Amino acid sequence: MTRLLSANLRRLKINIPFYIFSFIILAVSIFFTSKGYLLMFGEYMPVEVAIVLISAVPAGLNTLFISFFIGREYSDKTIRNKIVVGYTKGEIYGAALLTTSLVTIFWVVLWFVGSIFGAVLTGGEYSMESLIVKALVALLYNLAFSSALTAMCMTIHSRALCVVLNTQIPSYLITFILSGTFIGEGAYSPFMENLLTFIINLLPMGQWFYKSVGFSEILYPSPVLMALSAGIIILFTAVGAVLFRKKELK
C-alpha cells in the first residue's frame, strides 16, 4: 500500500485543483476573519464565531476534489490496472482513504493558520485554548465528511454521479438539521427531540452548523463530538471497503 500511497501523492503534486483549492481556503480564511465577514453579513461577529463559520470550506471543496480525484481513476482505468498488477482492493481503498485524509488534514491546518493570521491582522480577541479545541472538533468532522465522500466515490463508477451526489446530499441534510432549531419548543415529543439531537451531533454538518450559529446547547461536549466523528469515520471506512471489495471492476 506504501507504493500506492506514494503514487497518489505524486498525482497530488501535479494536481492543479489541489493547489487552487488550497489557495482558496487560505485566502478565504484570512479575508473572512480579518473582518471580511462585514462585507457579506453587514454586522459584527466575534472572531471565534467567524473562524468556526468557515471551517466548512475544506469540506465544501472536498465534495468536488474527492469526486474528481478518485473519479479519474475510474475514467482512465487506473483502478482496474492496479488490480491487474497485483494490488488488493483493500490496499487500493486504504491508499485512497489515506490520500483524501491527508488532503483534508492539510486543508484544515490551512484554515486554522489563515484564520488566526486574519484575526491577528485586525486585532481580534480570541482564546487560543478554546480555538484549539474547536479546531480539533472541526478536524474530526472534516475527516468524517471526507471518509464518507471517499466511500461514495470508491463504490460508484460515474464521476459525474459522484459530483451530483456529493454536492446535493449535504444541502438536503442541512435542511433537515435546521429543524433542530425547534428542539425544546414543544414541536417534538421527548423521544423525537433526543433522537434529533443525537443525529445533529452525529452529522458533521450538524456539528459545524450549531457551533457556527451559537446554539451550542444543542451540541454534546467536544470530546463526545470527536468520538462521534471517529465513529462515522470507522463506519464509512468499513462499509466503503466492503462494498468496494465486492465491486466488479470493468
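Described in the following lines is the structure provided in the data block.

## Here we look at the nonpolar core
Right, on to step 1. Judged by nonpolar contacts, the single largest core of 58 residues is most densely connected at Phe 65, Tyr 93, Trp 107, Trp 111, Met 154, Tyr 210 and Phe 244.
Right, on to step 2. If one sorts the elements of this core by residue count, helix α6 (residues 89–121) sits on top with 13 residues.

## A word on the packing of helix α8 (residues 159–178) against helix α10 (residues 204–212)
Right, on to step 1. As a packed pair, α8 and α10 sit with axes 10 Å apart at the nearest point and diverge in direction by 55°. Classified by the interaxial angle, the pair formed by α8 and α10 is oblique. The element α8 and its partner α10 pack so that their crossing is right-handed. Contact residues: α8 offers Pro 170, Leu 173, Ile 174, Ile 177 and Leu 178, while α10 offers Met 205, Gly 206, Trp 208, Phe 209 and Tyr 210.
Right, on to step 2. The residue inventory of the contact of α8 with α10, partitioned by class, reads nine nonpolar, one polar and no charged.

## Considering a nonpolar patch on the surface
Right, on to step 1. A cluster of nonpolar side chains, Leu 9, Leu 102, Ile 105, Val 109 and Val 113, forms an exposed patch at the surface whose accessible area comes to about 370 Å².
Right, on to step 2. No other element matches the four residues that α6 contributes to the nonpolar patch.
Right, on to step 3. Assignment of secondary structure puts Val 113 in helix α6.
Right, on to step 4. We classify Val 113 as partly exposed; its relative accessible area is 48%.

Cut-offs used in this document
- Residues numbered from 1 in each chain as written.
- Predicted model: local features only at pLDDT ≥ 70, side-chain atom pairs only at ≥ 80, totals over all residues.
- Heavy atoms only, no water.
- Core = buried A, V, L, I, M, F, W, Y, C linked by side-chain atoms within 4.5 Å.
- Buried < 20%, exposed > 50% of the residue type's maximum accessible area, 1.4 Å probe, protein only.
- Helix = DSSP H or I, 4+ residues; strand = E, 2+ residues; numbered from the N terminus.
- Axes fitted to C-alpha atoms, helices over the stretch in contact; angles between N-to-C directions.
- Parallel < 35°, antiparallel > 145°, perpendicular 65-115°, else oblique.
- Left-handed = near helix turned anticlockwise from the far one by under 90°.
- Contact = heavy atoms within 4.5 Å.
- Nonpolar A, V, L, I, M, F, W, Y, C, P; charged D, E, K, R; others polar.
- Patch = residues over 30% accessible without salt bridge, like charges linked within 9 Å, V, L, I, M, F, W, Y side chains within 5 Å.
- Areas by Shrake-Rupley, 256 points an atom, 1.4 Å probe, with all protein chains shown as cover.
- Salt bridge = Lys/Arg side-chain N within 4 Å of Asp/Glu carboxyl O.

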